[in-house]
Amino acid sequence: MKRLFDIISSGCGLIVLSPIFIVIAIWVKLDSKGPVFYRQIRVGKDNKDFRLFKFRSMKIGADRQGLITVGGRDPRVTRSGYYIRKYKLDELPQLINVFIGDMSVVGPRPEVRKYVDLYTPEQMRVLSVRPGITDLASIRYRNENELLETVDEPETYYREVIMQDKLKINLEYVDNRSFWGDIKLIFATLYAIVAK
């Protein structure tokens, strides 16, 4: 049922949101040099790598300066990127990942290999399900960038505090997931975006 829901919802989403995709694509392209999409290797179900799609919100080569975005006004973020990140519009192309089966609408957010290599055997259980566009951890940490701006060592704080808490939350999801629970998380995500 979950996979069928993913196919139908992502397919309908891609069709219905196509005008918004076009507007954002033009905005990104006119705002800064580089491609419309940013593709990054993330770790998915069964510890397999896949290429995640996002609208590009940062300057070319920004990821070589670090994988963590710090603060609401990270200088690597483009003008259009600030707004599409604020309202999570940069995440919309992940509907493509959902449609082709790399991701689900709801599930633990996929990490980069650098951080997955730090997981304990117990934490690796989050890779037993498809990663998602949204999860409870991403709702709770929707102001993560601003939080990281307040600490002296953002990378260390992310690795030792935020990532550990996210993994704890996501392991609870893995153990207690349900279709109706996913529906509630979708509505909770929409509310969090609008409330922001």
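Draft legend 1. Examining the packing of helix H1 (residues 2–16) against helix H2 (residues 18–31) more closely. Closest axis-to-axis distance for the H1/H2 pair is 4 Å, and the angle between their directions is 60°. With respect to each other, H1 and H2 are oriented oblique. Taking contact as the criterion, the partners of Gly13, Leu14, Ile15 and Val16 in H1 are, on H2, Ser18, Pro19 and Phe21. Each residue belonging to the contact of H1 with H2 can be placed in one class, and the counts come to five nonpolar, two polar and no charged.

Draft legend 2. Structural detail: the pattern of salt bridges. Taken as a whole and judged by the stated rule, the model has 12 salt bridges. The partner of Arg109 in a salt bridge is Glu91, with the nearest N and O atoms 3.2 Å apart. Of the two residues, Arg109 sits in the loop between strand E3 (104–106) and helix H5 (113–116) while Glu91 sits in the loop between helix H3 (79–86) and helix H4 (94–100), which places them 18 residues apart along the sequence. Relative accessible area serves as the criterion here: at 14%, Glu91 is assigned to the buried category. Ionic contacts of the salt-bridge type, sharing partners, join the residues Asp49, Arg113 and Asp117 into one network.

Draft legend 3. Structural context of unusual backbone geometry. The backbone phi angle of Asn47 is positive, close to 65°, even though this residue is not glycine. Turning to its location among the elements, Asn47 is positioned in the loop between strand E1 (37–43) and strand E2 (49–55). In this structure Asn47 comes out as partly exposed when scored by relative accessible area, which is 30%. The phi dihedral of Lys88 falls on the positive side, at around 60°, and the residue is not glycine. With respect to the secondary-structure elements, Lys88 resides in the loop between H3 and H4. With a relative accessible area of 30%, Lys88 lands in the partly exposed category.

Draft legend 4. Quick look at the packing of aromatic side chains. Taken as a whole and assessed by the stated rule, the structure comprises eight aromatic pairs. With a centroid separation of 5.4 Å and 15° between ring planes, the pair formed by Phe37 and Phe55 is classed as stacked. Linking Phe37 in strand E1 with Phe55 in strand E2, this pair joins segments that are 18 residues apart in sequence. The partly exposed category is assigned to Phe37, whose relative accessible area is 34%. An aromatic cluster of at least three residues, connected via ring pairs, comprises Phe21, Phe37, Phe53 and Phe55.

Draft legend 5. Structural context of the packing of H2 against H3. With their axes 8 Å apart at the nearest point, H2 and H3 run at an angle of 145° to one another. Listed contacts from H3 to Ile24, Trp27, Val28 and Asp31 of H2 are Arg79, Ser80, Tyr83 and Ile84. Residues of the contact of H2 with H3, tallied by class, amount to five nonpolar, one polar and two charged.

Draft legend 6. Structural context of the side chain of Ser32. Its location among the elements puts Ser32 in the loop between H2 and E1. Side chain to side chain, Ser32 and Arg56 meet in a polar contact 3.0 Å long. Here Ser32 is in contact with Arg56 and Thr78, once residues within four sequence places are set aside.

Calculation criteria
Residues numbered from 1 in each chain as written. Predicted model: local features only at pLDDT ≥ 70, side-chain atom pairs only at ≥ 80, totals over all residues. Heavy atoms only, no water. Axes fitted to C-alpha atoms, helices over the stretch in contact; angles between N-to-C directions. Helix = DSSP H or I, 4+ residues; strand = E, 2+ residues; numbered from the N terminus. Parallel < 35°, antiparallel > 145°, perpendicular 65-115°, else oblique. Contact = heavy atoms within 4.5 Å. Nonpolar A, V, L, I, M, F, W, Y, C, P; charged D, E, K, R; others polar. Salt bridge = Lys/Arg side-chain N within 4 Å of Asp/Glu carboxyl O. Buried < 20%, exposed > 50% of the residue type's maximum accessible area, 1.4 Å probe, protein only. Phe/Tyr/Trp six-rings, centres within 6.5 Å; stacked < 30°, edge-to-face > 60°. Polar contact = N/O pair within 3.5 Å; in protein donor to acceptor, adjacent residues only side chain to side chain.

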